[in-house]
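Chain by chain, the residues run as shown.
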Amino acid sequence: MAPWHPYCAGALDAHVMLGILIASLRAVGCAATLASAGFGMARMGLMTPAVSKGLSHLSVKLLIPSLLFSSVVPGITPSLILYAWPLLVLPALYLLIGLLIGLLVVFLVKPPETFRLGTVAACTFGNTTGIPIVLISVMQQSLSRSVFAELADPLLFLSIQLFTFPLFQWLFGYLIFERDGFLAACVLGGQAEELPLSAHDDPVWRETEGMPARDGSVSNSYISMMSVGEDYLTTAYRNAPSVREIVRPPSLSQRLYQAFVEQPNYSQAFSRYGRGLWRLIKRVFVPPVLGVSLGVFFGLLLRQLLLPAEVAPLGWLFLGLSKLGAAAVPVNLILHGAAMSRVPESGRLPPLTATGIVVGRLVLMPISGLVVARVISVYLQVPYLVSDTFWLVFLIASCTPTANNMVAMCELAGEDRRAMSAAIFYQYCAAPIVLPGVLTLFVAFICKTRDADLP
């Protein structure tokens, strides 16, 4: 008798493949239905960029942390960590692969000089919060049969992956946008010094009074407004009614020399670097990570306070957070629908560059994810009842469009932010066409891999 899976019943033949494709199309259709609400509201003027900004804050700072917390508490166990630990380092691997794909795209399509680093960033930094949560949720509803419904929550595995992503994103952002570094020298062809300063310098903002604000500020973009809660790399960025001049701060070595050689007051030096360490901690422990951290703490040590929710002392709190978390998926889809309502400026992104980014991010990156999953599956043993959901989460982060906060990062780094906004827009346009096929390959791979592991 053929083995049974949460995502495919029976042998992986043409009939089952067709069923997986139909389920993938249903999942994308469900997401498109909710996104169309945001699109329609934006076209009618009800979903303004300011409203999108508020919803983005609500989603990333409250709804998504609540969803992750309520997903982690019931399922986290020490044994799960023993086999799910590769998810902690997976973001670094995907970022490295995306970086290599971005360099390949730059070499092949020759993007404009003002968007070469932006092209690399567009292929490197995928959306790891809103889009994966949406895809996983709708795929789970479309594919899972009731007998497996309570065995494994895929958001539990996604939470583990999200725990380390902000740190790796910050490190890779430093690498890509360092205009004095080796990567920029390769991409920009030795012209780095002629371009504006990079964003990673954590620039000091100097107010220039009496000058008009920049036309078409990034704050006027729907895509950038839906990313404000996700700006792990842009915490130094602040909107203001006046133009701000960026002043390059001293390098790290210069700062260390000034602190410990030139300055006799060591207490002030340690105090200053203590504040810097605190800023780094705040960049790493963003709201979704805090939600996961609290979920792990209560799930491992104080679960009896929250579960079972009907009788536990704090069960009412868990139920309330679960209700808040349930709103995360529709709110994110509405935000993405609103982002699609405004067509980018024509001519900002050459068609060949746009095509290269779409292919690199939505085609080459998922194929790379399949290769990585196949290699890891040879050495990693995952329990049978949670295997399918584990590998779905493992793969899903490799097929998402570029992170929305790259628009603000491009502006800070002196790259063409309008080109980045256009690149993200075109990826959203291509996603409904490409994603069903990619998701079908993912599920087929999951089922085939699991069958091969059975005795």
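Residues numbered from 1 in each chain as written. Predicted model: local features only at pLDDT ≥ 70, side-chain atom pairs only at ≥ 80, totals over all residues. Heavy atoms only, no water.

1. Overview of the overall build of the chain
Next, step 1: A count of helices and strands for the chain gives 18 helices and two strands.
Next, step 2: Taking all 455 residues of the chain together, the buried fraction comes to 52%.
Next, step 3: When contacts within the chain are restricted to residue pairs at least 6 apart in sequence, those whose partners lie at least 24 apart make up 84%.
Next, step 4: When the accessible surface of the chain is totalled, it reaches about 20,200 Å², and 69% of it is carbon and sulfur. (Helix = DSSP H or I, 4+ residues; strand = E, 2+ residues; numbered from the N terminus. Buried < 20%, exposed > 50% of the residue type's maximum accessible area, 1.4 Å probe, protein only. Contact = heavy atoms within 4.5 Å. Areas by Shrake-Rupley, 256 points an atom, 1.4 Å probe, with all protein chains shown as cover.)

2. Description of a nonpolar patch on the surface
Next, step 1: Together, Leu104, Phe107, Leu108, Val359, Val363, Leu364, Ile367, Val371, Val375, Val378 and Tyr379 make up an exposed nonpolar region whose accessible area comes to about 1,000 Å².
Next, step 2: Of all the elements in the fold, those that place two or more residues in the nonpolar patch are α4 (86-109) and α15 (351-379).
Next, step 3: Broken down by element, the residue count for the nonpolar patch peaks at eight residues, all from α15.
Next, step 4: Locating Val371 in the fold gives a position in helix α15. (Patch = residues over 30% accessible without salt bridge, like charges linked within 9 Å, V, L, I, M, F, W, Y side chains within 5 Å. Salt bridge = Lys/Arg side-chain N within 4 Å of Asp/Glu carboxyl O.)

3. Considerations on unusual backbone geometry
Next, step 1: In this model, Leu307 is joined to Pro308 through a cis peptide bond whose omega is -5°.
Next, step 2: The backbone of Lys110 shows a phi angle near 50°, a positive value even though the residue is not glycine.
Next, step 3: Tracing the chain through its elements places Lys110 in the loop between α4 and α5 (116-124).

4. Points about the packing of aromatic side chains
Next, step 1: Inspection of the entire model under this criterion finds eleven aromatic pairs.
Next, step 2: With centroids separated by 5.4 Å and ring planes inclined at 90°, the aromatic side chains of Phe157 and Phe390 adopt a geometry described as edge-to-face. Taken together, the positions of Phe157 in helix α7 (residues 154-177) and Phe390 in helix α16 (residues 384-396) put the pair 233 residues apart, joining distant regions of the chain. Of the two residues, Phe157 and Phe390, both sit in the buried class.
Next, step 3: With a centroid separation of 5.8 Å and an interplanar angle of 75°, the aromatic rings of Phe425 and Tyr426 are classed as edge-to-face. (Phe/Tyr/Trp six-rings, centres within 6.5 Å; stacked < 30°, edge-to-face > 60°.)

5. A look at the environment of Leu301
Next, step 1: Counting through the fold element by element, Leu301 comes out in helix α12 (residues 287-301).
Next, step 2: Since its relative accessible area comes to 55%, Leu301 is described here as exposed.
Next, step 3: It is 9.9 Å that separates the C-alpha atoms of Leu301 and Val73, two residues lying 228 residues apart in sequence.

6. Comments concerning helix α14 (residues 328-339)
Given 3.6 residues to a turn, an α-helix orients residues that are three or four positions apart in the same direction.
Next, step 1: Here α14 contains twelve residues, and its C-alpha end-to-end distance of 17 Å stays within 8% of the 16 Å for a straight helix at 1.5 Å per residue.
Next, step 2: Within α14, ten of the twelve residues are buried, leaving the element largely enclosed by the surrounding structure.
Next, step 3: Buried within α14 we find Ala328, Val329, Val331, Asn332, Leu333, Leu335, His336, Gly337, Ala338 and Ala339. (Expected span 1.5 Å × (residues − 1).)

7. Overview of α12
Next, step 1: The end-to-end C-alpha separation of α12 is 21 Å, in line with the 21 Å expected for 15 residues at 1.5 Å each.
Next, step 2: Within α12, burial applies to Pro288, Val289, Gly291, Val292, Gly295, Phe298 and Gly299.

8. Brief notes about the nonpolar core
Next, step 1: Counting residues in hydrophobic clusters, the biggest one holds 69 residues, and the most contacted among them are Phe157, Phe390 and Phe394.
Next, step 2: Of all the elements, helix α18 (residues 417-453) adds the most residues to this core, at nine residues.
Next, step 3: Residues within four places of Phe394 in sequence aside, it is in contact with Leu87, Leu90, Tyr94, Val372, Ala373 and Ile376.
Next, step 4: Core analysis: the next-biggest nonpolar cluster, separate from the first, contains 30 residues, Val106, Phe165, Val407 and Ala423 among them. (Core = buried A, V, L, I, M, F, W, Y, C linked by side-chain atoms within 4.5 Å.)

9. With respect to the environment of Leu300
Next, step 1: If you trace the backbone, Leu300 turns up in helix α12.
Next, step 2: With 223 residues separating them along the chain, Leu300 and Thr77 place their C-alpha atoms 6.4 Å apart.
Next, step 3: For Leu300, the residues in contact, after removing those within four places along its chain, are Ile76, Thr77 and Pro78.

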